[in-house]
2 protein chains.
Amino acid sequence: MSQSLNHASAPTDRGQCRTIDLSNKIAQITAYWQPRVVAEMNDYQFKVVKVEGEFLWHQHADTDEAFFVLEGELRIDFRGGHSGDGSIVLRAGQIAVVPKGVEHKPYALAEVKLMLIEPRGVVNTGDCAKGGRSVENDQWV
Amino acid sequence: MSQSLNHASAPTDRGQCRTIDLSNKIAQITAYWQPRVVAEMNDYQFKVVKVEGEFLWHQHADTDEAFFVLEGELRIDFRGGHSGDGSIVLRAGQIAVVPKGVEHKPYALAEVKLMLIEPRGVVNTGDCAKGGRSVENDQWV
C-alpha cells in the first residue's frame, strides 16, 4: 500500500522525554494527506501531516479533533455544527478544535504543514470508510 | 488572588470551531507562569503561558503533559524517568511530552511563550501543593 511508505514502528519511549522538531518530522513525509505520529500523550497522539488540495467531508462521532498550523493557510469548512455552517482559516501559530459529530472538510489552496492532536485510533476519514483517502493508523515518523 | 487577574469564564463553545491565534492570546496575559485556557478537546485543555526563570520540581502522577514552544528557548530538566536524569531544550516549533510520574522542572533563561496540552484539572505544580506557585485552574483567556 502506498500509505505504508515511511512507515516506522512506535518507539519504545512513545516519543516522550525528548525534543521533537515538527518541521524536521514533516520533511520526512513524502506524500500529502499522510499523517504520521511523532509522540503520544496518554491515549492521544500528536501527528504531523502536509496537505494540499481538498479533503473529504467527514466527521468523528466520538471525539473532538485539534488542528495546529505550522506553515501555510488551511481552510476548514463546517456543516451542521452548533453554530451552523461556516468556514475558518488557520495560519501559522493558530489552532482550531473541531467538535465531535461536526462534519468538516479541510482545504489547502497551496501546501500546508500542520499538526493534528487526537485520540489513538481515530481514522482520518472519519466514521465512514472513504475508499482511497483512508490512511492506516499508528504510522510513526 | 493575583492569579485571578485575566480570569475569564469558559465560553459556551469551549473555544471550538474558531480560529485561535496563540500569540494574540499570550499577549493578553500579564504575568509569568500563569497558564490560561484557550480551547478544549474532549476532556483536554490547550493552555498558553509565558514563562521566565525557574519553575519547581514537580510531577503529575496520573497524566502525561505536552509542551509546545512558540517563542524562546525552554529547558526541561528530568529526574527519575525511564531514561534516567536528563535535560532537553525546546525552541519554536518543537514539542516534548513529559510522561506521568516523571519529575521535571522547566527553566527559561529569557522569556518563553508556549502552549501546554493536558487533561482538564491538572495542577501546574503537580501532585503536591507548592505554596505560591500553584495557579487556579480553568482560567480562560
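Source: prediction; values computed, not measured.

## Structural notes on the overall build of chain A
What chain A contains, in helices and strands, is one helix and eight strands. The order of α-helices and β-strands along chain A, N terminus first, is β-α-β-β-β-β-β-β-β. Relative to its length of 141 residues, chain A is compact, with a C-alpha radius of gyration of 14 Å against a globular reference of 14 Å. The dimensions of chain A, computed from C-alpha atoms along their principal axes, are 45 × 30 × 30 Å. The buried share of chain A, taken over its 141 residues, is 51%. Contacts spanning at least 24 positions in sequence make up 70% of the contacts within chain A whose residues lie at least 6 apart. Charge centroids of chain A, computed over 15 positive and 19 negative side chains, lie 2 Å from each other.

## Topic: the relation of the copies chain B and chain A
When chain B is brought onto chain A, the operation consists of a screw motion whose angular component is 180° and whose axial shift is 0.0 Å, with 0.0 Å RMSD remaining. Such a turn and shift between the copies fits a two-fold axis. Interface residue correspondence from chain B to chain A reaches 100%, placing this contact among same-surface, isologous pairings.

## Regarding the layout of surface pockets
Size it by volume and the largest pocket reaches roughly 160 Å³. Forming the walls of the largest pocket are A:Phe68, A:Leu70, A:Gly93, B:Ser23, B:Ile26, B:Phe68, B:Val69, B:Leu70, B:Glu71, B:Ala92, B:Gly93 and B:Lys113. Sorting the residues of the lining of the largest pocket by element identifies strand S4 (65-71) of chain A together with helix H1 (22-26) and strand S4 (65-71) of chain B as the ones contributing at least two each. With four residues, S4(B) is the single largest residue contributor to the lining of the largest pocket.

## Some thoughts on the interface of chain B and chain A
Counting residues at the interface gives 37 residues for chain B, matched by 37 residues for chain A. Taken as a group, B:Cys17, B:Met41 and B:Ile95 account for 22% of the area that chain B buries against chain A, more than any other trio of residues on that side. Along the contact surface separating chain B from chain A lie two salt bridges. Across the pair A:Asp64 and B:Arg14 runs a salt bridge, and its minimum N-O distance is 3.9 Å.

## What about the pairing of strand S7 (residues 94-98) of chain A?
By the criterion of burial, S7(A) is predominantly enclosed, with five of the five residues buried. Residues A:Gln94, A:Ala96 and A:Val98 line one face of S7(A) and the alternating positions A:Ile95 and A:Val97 line the opposite face, and both faces are buried. When S7(A) meets strand S1 (residues 20-21) of chain B, the two strands line up antiparallel, connected through two bridges. Note on S1(B): the bridge partner recorded for A:Gln94 is B:Asp21.

## Details of the confidence of the model for chain A
Averaged over chain A, the pLDDT score is 91; the fraction of residues at 70 or greater is 91%. Per the prediction output, this complex has pTM 0.93; the corresponding ipTM is 0.92.

## Details of the nonpolar core
Within the largest apolar cluster, 35 residues are counted, with the highest numbers of intra-cluster contacts made by A:Val38, A:Phe46, B:Leu22, B:Val38 and B:Phe46. Each residue touching A:Phe46, except ones within four places of it in the same chain, is listed here: A:Arg36, A:Val37, A:Val38, A:Ala39, A:Met41, A:Met115, A:Leu116, A:Ile117, B:Ala66, B:Ile95, B:Val97 and B:Ile117.

## Observations regarding the environment of A:Val112
Tracing the sequence through the fold places A:Val112 in strand S8 (residues 103-119). When the C-alpha positions of A:Val112 and A:Gln59 are compared, they lie 21 Å apart, and in sequence the two are 53 residues distant.

## Describing the pairing of strand S3 (residues 44-54) of chain B
All names here are of chain B. Of all eleven residues in S3, eight are buried; the element is thus mostly enclosed. As paired strands, strand S2 (residues 36-41) and S3 are joined by five bridges and run antiparallel to one another. If you follow Arg36 over to S3, its bridge partner there is Val48. Between the end of S2 and the start of S3, which pair antiparallel, lie two residues, with Asn42 showing a positive phi angle near 50°.

## Regarding the pattern of salt bridges
When the charged atoms of two side chains with opposite charge come close together, those side chains can pair. Residue and element names in this part refer to chain B. Applying the stated criterion across every chain, the model contains 21 salt bridges over all chains. Its salt-bridge partner being Arg14, residue Glu40 comes within 2.8 Å of it at the nearest N-O pair. Of this pair, Glu40 sits in strand S2 while Arg14 sits in the segment before S1, and the two are 26 residues apart along the sequence. Relative accessible area serves as the criterion here: at 7%, Glu40 is assigned to the buried category. Classification of Arg14 as partly exposed rests on a relative accessible area of 25%. Across the pair Arg120 and Glu40 runs a salt bridge, and its minimum N-O distance is 3.0 Å.

What counts and what doesn't
Residues numbered from 1 in each chain as written. Chains lettered and ligands numbered in written order. Predicted model: local features only at pLDDT ≥ 70, side-chain atom pairs only at ≥ 80, totals over all residues. Heavy atoms only, no water. Helix = DSSP H or I, 4+ residues; strand = E, 2+ residues; numbered from the N terminus. Rg over C-alpha atoms; globule rule 2.2 N^0.38 Å. Buried < 20%, exposed > 50% of the residue type's maximum accessible area, 1.4 Å probe, protein only. Contact = heavy atoms within 4.5 Å. Lys, Arg positive; Asp, Glu negative; His and termini not counted. Charge placed at Lys NZ, Arg CZ, Asp CG, Glu CD. Least-squares fit on C-alpha atoms with pLDDT ≥ 70 in both. 1 Å grid on protein atoms, 1.4 Å probe; cavity = no way out; pocket = protein on both sides within 12 Å on 5 of 7 lines; lining within 4 Å. Points joined across faces, edges and corners; volume = space filled by probe spheres on them. Buried area = accessible area lost by both parts, 1.4 Å probe. Salt bridge = Lys/Arg side-chain N within 4 Å of Asp/Glu carboxyl O. Pairing = 2+ DSSP bridges. pLDDT = per-residue confidence, 0-100. Core = buried A, V, L, I, M, F, W, Y, C linked by side-chain atoms within 4.5 Å.

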